[in-house]
Every structure is written in structure tokens, then in C-alpha cells.
Amino acid sequence: QVQLVESGGGLVQPGGALRLSCEASGSIYSINSMGWYRQAPGKQREFVATVPSGGSTYYADSVKGRFTISRDSGENTVYLQMNSLKPEDTAVYYCHANVNPTYDYNMDYWGRGTLVTVSS
């Protein structure tokens, strides 16, 4: 009953910028964290960034200084502002959330993914 829907992917030139959005909806008691992973062709899915409840942010070394993750005041939407994009950032980006559908258990949920292509 929990759905994550991403938007904002597309084609951008090297050095450009893009902002991804992900909205969580459905049966949600609380959201413990939201974040982003990505998977490039021929590679395993890798961690990009996350923001748990409380406001701290964490980033993969490969995107530090270029990407910024944030959540809205209701914590049902997470954003990823991507600046100074490089061809190696090309990947399908997946939204992730750890959610308590009820008070007594939590589960991990994934979006369908949105494709980001960085190319001249």
C-alpha cells in the first residue's frame, strides 16, 4: 500500500544540473528515512544519498560537493539536486524509503526508477 513515484530524470549535458523528486504515498504511519540509489549499465546498484528523520544528510564520496538531498516539511517528498553532472553519473536513479506502515513494524520500499543521461 506504499508507493514511491520518482520524476525529473532526462538528458543533460556534462556540467549541467537536474533535480529529481520522489513522493511517498499510501498507508504510512511514519517515514524513518528517504534516499537515492543508482544503477549504471553493467554495474551493481549503489548508494547515492540519504536523509533520515532528524535532518542529517549522508552522501557517497563520488557525489559529495555536487549533489544535495533534502526533504519537505511533511517528510513525504525527497529531492536530489544534481549539479556539475558528469557522464559517469548516467544511471537509473531509484528512490528508497524505510517506512512504518503501522506503528509496530518497518519495511523498505523502492520506486520504479528514473533515467538520467549525461551526454554531449
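No experiment lies behind these values; they were computed from the predicted model shown.

### A few points about the pattern of salt bridges
Across all of its chains, the model carries 4 salt bridges by this definition. The partner of Glu46 in a salt bridge is Arg38, with the nearest N and O atoms 2.7 Å apart. With a relative accessible area of 6%, Arg38 lands in the buried category. Across the pair Asp89 and Arg66 runs a salt bridge whose closest N-O atoms are separated by 2.8 Å. Pair noted here: Asp89 is in the loop between strand 8 (77–82) and strand 9 (91–102) and Arg66 is in the loop between strand 6 (58–59) and strand 7 (67–71), with a separation of 23 residues, a long-range link. Note on accessibility: Asp89 and Arg66 belong to one class, buried. Among the ionic contacts, a cluster of salt bridges with common partners joins Arg38, Glu46, Arg66 and Asp89.

### Notes on unusual backbone geometry
The phi torsion at Ser84 lies on the positive side, around 50°, for a residue other than glycine. By the secondary structure assignment, Ser84 is in the loop between strand 8 and strand 9.

### A word on the state of the cysteines
Enumeration according to the criterion identifies 1 disulfide in this entry. Bridging Cys22 to Cys95, the disulfide has an S-S length of 2.1 Å. Where Cys22 bonds to Cys95 through sulfur, the torsion about that S-S bond is close to -85°, and the disulfide is left-handed. Taken as a pair, Cys22 in strand 3 (residues 18–26) and Cys95 in strand 9 lie far apart in primary sequence, 73 residues in all. Of the two residues, Cys22 and Cys95, neither departs from the other in class, the shared state being buried.

### With respect to the side chain of Arg38
Along the chain, the position of Arg38 falls in strand 4 (residues 30–39). Within polar-contact distance, the side chain of Arg38 engages the side chain of Tyr93 at 2.9 Å. Here Arg38 is in contact with Gln44, Arg45, Glu46, Val48, Ser62, Val63, Phe67, Glu88, Asp89, Ala91, Val92 and Tyr93, once residues within four sequence places are set aside.

### Side note on the packing of aromatic side chains
Evaluated as defined, the whole model comprises 2 aromatic pairs. Plain terms: the ring middles of Tyr37 and Phe47 are 5.7 Å apart, the flat faces sit at 75° to each other, and that makes the pair edge-to-face. Taken together, the residues Tyr37 in strand 4 and Phe47 in strand 5 (residues 46–52) connect sequence positions 10 residues apart. According to the relative accessible area criterion, Tyr37 is partly exposed, its value standing at 23%. Relative to Trp110, the ring of Tyr37 has its centre 5.0 Å away and its plane inclined at 70°; by these criteria the two rings are edge-to-face. Of the two residues, Tyr37 sits in strand 4 while Trp110 sits in strand 10 (residues 105–110), which places them 73 residues apart along the sequence. Residue classification places Trp110 among the partly exposed residues on the basis of a relative accessible area of 38%. Taken together, Tyr37, Phe47 and Trp110 form an aromatic cluster joined through their ring pairs. Seen from the ring of Tyr94, Arg45 lies directly overhead, with NZ or CZ sitting 3.8 Å from the centre.

Scoring rules and cut-offs
- Residues numbered from 1 in each chain as written.
- Predicted model: local features only at pLDDT ≥ 70, side-chain atom pairs only at ≥ 80, totals over all residues.
- Heavy atoms only, no water.
- Salt bridge = Lys/Arg side-chain N within 4 Å of Asp/Glu carboxyl O.
- Buried < 20%, exposed > 50% of the residue type's maximum accessible area, 1.4 Å probe, protein only.
- Helix = DSSP H or I, 4+ residues; strand = E, 2+ residues; numbered from the N terminus.
- Disulfide = S-S within 2.5 Å.
- Polar contact = N/O pair within 3.5 Å; in protein donor to acceptor, adjacent residues only side chain to side chain.
- Contact = heavy atoms within 4.5 Å.
- Phe/Tyr/Trp six-rings, centres within 6.5 Å; stacked < 30°, edge-to-face > 60°.
- Lys NZ or Arg CZ within 6 Å of the ring centre and 35° of its normal.

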